[in-house]
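Here is how the chains run, residue by residue.
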Amino acid sequence: MPNTRFYVTTPIYYVNDRPHTGHAYTSVLADVMAGYHRLLGIDTWFLTGTDEHGQKVQDSAAERDVAPQALCDEMAAHFGDLLERLRVRNDDFVRTTEPRHTAVVTQVLAELHARGDVYLDHYEGWYCARCERYWTDRDVEEQGGGRCPDQPELHGVERLAEENYYFRMSKYADRLREAIETDVFRVHPEKRKNEVLGFLKKGLTDLCISRNRERLSWGVPLPFDDKYVCYVWVDALFNYKSAIGYLAADDAEHERHARWWPADVHVIGKDILTTHAVYWPTLLMAMGEALPRMVLAHGWLLDSRGGKLSKTKREGDDAEGVLPVPTIDGLLDVFGADGTRWFLATAMKPGDDTAFDWTIVRERVNTDLANGLGNTANRLLKMAAGACDGVFPGLGEDDDVGETQERVRAAAVAAVDAVRAFPETLDVTAVVAAVRSGVAAISLFLQDEKPWKLVKTDDGLPRARIVIAWSLESLRLLALAVHPILPESFATLRTALGMTGDLDFARESQFGALPEGARLGAPPNLFPRIGADAIPSA
Ligand code: ME8
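Bear in mind that the values here come from a model prediction, so they are computed numbers and not experimental data. (Residues numbered from 1 in each chain as written. Predicted model: local features only at pLDDT ≥ 70, side-chain atom pairs only at ≥ 80, totals over all residues. Heavy atoms only, no water.)

Student: Describe the packing of helix 14 (residues 403–420) against helix 16 (residues 428–449), listing the residues and the values that go with them.
Tutor: Where helix 14 contacts helix 16, the two axes come as close as 8 Å, and the packing angle between them is 165 degrees. Between helix 14 and helix 16, the angle is such that the two are roughly antiparallel. Classified by chirality, the crossing of helix 16 by helix 14 is left-handed. Contact with helix 14, carried on its side by Thr404, Gln405, Arg407, Val408, Ala411, Ala414, Ala415, Ala418 and Val419, involves Ala430, Val431, Ala434, Val435, Ser437, Gly438, Ala441, Ile442, Leu444, Phe445 and Asp448 of helix 16 and no other residues of that element. Taken together, the residues of the contact of helix 14 with helix 16 sort by class into 14 nonpolar, 4 polar and 2 charged. (Axes fitted to C-alpha atoms, helices over the stretch in contact; angles between N-to-C directions. Helix = DSSP H or I, 4+ residues; strand = E, 2+ residues; numbered from the N terminus. Parallel < 35°, antiparallel > 145°, perpendicular 65-115°, else oblique. Left-handed = near helix turned anticlockwise from the far one by under 90°. Contact = heavy atoms within 4.5 Å. Nonpolar A, V, L, I, M, F, W, Y, C, P; charged D, E, K, R; others polar.)

Rendered as structure tokens:
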């Protein structure tokens, strides 16, 4: 089914601390996905934001001796600044302390309660206050006892006996299983789908959705019992709908919701798979709402020892023997927005994990951008300035389109084809692989033909111009194919390669679209090589 519109989201990030490279990874990935859709002319809405309620935020505010809202304001601004530094083009930024969001959560809770899908029951078991999660005896025993099964090295658990409100999640287990099995609700990649189906096989319990105000006050109060606030995840998940006008009385808002829901892709990390692939769809079923089309759970950025980068184990606390993990500010300072985006967008295939350090980022950026795209653009435009007076010579009639020449054209076409296929594949690494092959094909072609030698004789000059023209035309398509990843450099490169006026993918993606006589720009130095001395010492 052709996509006529595309609604993509990131998780909303906790504001208990400043953003790190893991958050930047998801934001850039979702931004690049939005960018490819926009490039193809598909109407796109890209939502991100911050998750501001709950224990983590309340505790961090207490530790810093500030009011929770003040901490939220400060941290939300850091997340917003990071998006700007990364050149992320989100259409909206939702904060769960905004009235437009809390009003929706209150209405949803009241409705679920009125429908009988939320009920009061006695609870006795374990609770991890820091993770804000209830655990069964079995969970805690399997872990060894006394510690939080999720983060045993960090948190203990406490024994609780109290009344709580529950969501009848178990009631929707069969429908959920079917929706996942049939891909009506796609969980991607396949191994994550199997993980969720495995989880469902063990039997789905009901979900505790209330938190006693005596322990946790920083949340949305339950509208039917003010001794409690809402569990932070139930609150947070509804951001995907509150931000597009869900349950709004206003007609225009109502229409906005109808236009964008269901979401096409929730991009998340695999750490929050269950909440998105089990809690969220069952809550939507209870509300009689359509399910998102896909949850895409990517892997983790790891340090050189395989440890997950996180807020509690972040840059700066590097254990002995672990290479220093670059901070997101450090990456941006050294590699700029485009270099950082390139590393993040190409870091891993969704589904895999990847370890990274300064050297890995430097090599990737130097190989692909400085030596690859950047050097090719620079060399070709220099040759064009010398041999073609800085004007595009046209592809020319050439009876002898040799194998390497044809490969140059085919590789460029394959790269823009990968862009056309993007709404189906959502695979940034496939586009990047095609672009790398295209750059290699140009390099081989130049090596075979040696235009720098051809230009030295009158007989050789026409052939040199054809070689330069085919290479430039191919490069133009390759640049177009990576535009969503490299928004800053693309604008310069596009003009240097002779394109003017508004961007038009359908026209510009044709090999041969650049007219003969188009004026080329000066050779740009888009991606200077990053030397080892630019990397902060450990
Ligand atoms: O979970 N590698 O917020 P959060 C890759 N508020 N991505 C990473 C990462 C890493 N090492 N570390 C974090 C929350 N991420 C909730 C979400 S949504 C309704 C509520 C990314 O601040 C990844 O996307 O802990 C992960 O899922 C998210 O940050 C967790 O961010």
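Student: Provide a residue-level description of the side chain of histidine 266, including the pertinent values.
Tutor: Inspection of the secondary structure puts histidine 266 in strand 12 (residues 265–269). Separated by 2.7 Å, the side chains of histidine 266 and threonine 9 make a polar contact. In this structure, histidine 266 is in contact with Thr9, Tyr240, Trp261, His276, Trp280, Pro292, Met294, Val295 and Leu296, ignoring residues within four places of it in sequence. (Polar contact = N/O pair within 3.5 Å; in protein donor to acceptor, adjacent residues only side chain to side chain.)

Student: Requested: an account of the pattern of salt bridges, with residues and values cited.
Tutor: Inspection of the entire model under this criterion finds 39 salt bridges. Where aspartate 329 meets arginine 85, a salt bridge forms, and the shortest distance between an N and an O atom there is 3.3 Å. Separated by 244 residues along the polypeptide, aspartate 329 in helix 12 (residues 328–346) and arginine 85 in helix 3 (residues 68–85) bring together distant segments of the chain. In this structure aspartate 329 comes out as partly exposed when scored by relative accessible area, which is 35%. Of the charged contacts in the structure, one is a salt bridge between glutamate 473 and arginine 476, with a shortest N-O distance of 2.8 Å. With glutamate 473 and arginine 476 both in helix 18 (residues 461–481), this residue pair falls 3 residues apart, about one helical turn. Considered together, glutamate 473 and arginine 476 belong to a single accessibility category, that of buried residues. A network of salt bridges, in which partner residues are shared, links Arg494, Asp504, Arg507 and Glu508. (Salt bridge = Lys/Arg side-chain N within 4 Å of Asp/Glu carboxyl O. Buried < 20%, exposed > 50% of the residue type's maximum accessible area, 1.4 Å probe, protein only.)

Student: Please provide a residue-by-residue account of unusual backbone geometry, values included.
Tutor: Geometrically, the link from histidine 188 to proline 189 is a cis peptide bond, its omega value of -5 degrees lying close to zero. Looking at the element boundaries, proline 189 is found in the loop between strand 7 (186–188) and helix 7 (190–201). Of note, the bond from tryptophan 261 into proline 262 is cis; its omega dihedral lies within 30 degrees of zero at 5 degrees. The backbone of arginine 87 shows a phi angle near 60 degrees, a positive value even though the residue is not glycine. The topology assignment puts arginine 87 in the loop between helix 3 and strand 3 (92–95). If you check the backbone angles, leucine 247 has positive phi at about 60 degrees while not being a glycine. Here leucine 247 lies in the loop between helix 9 (239–242) and helix 10 (251–260). Here leucine 247 falls in the partly exposed class, since its relative accessible area comes to 29%.

Student: Mind laying out the pairing of strand 1 (residues 5–14), listing which residues take part and the relevant values?
Tutor: In terms of burial, strand 1 is a largely internal element, 10 of the 10 residues being buried. Both strand 1 and strand 2 (residues 43–51) contribute to a ladder of 8 bridges, which runs parallel. For valine 8, the partnering residue across the bridge sits in strand 2 and is phenylalanine 46. Each parallel crossover has a hand, and for strand 1 linked through helix 1 (residues 21–39) to strand 2 it is right-handed. (Pairing = 2+ DSSP bridges. Right-handed = clockwise from strand over helix to strand, strands pointing away.)

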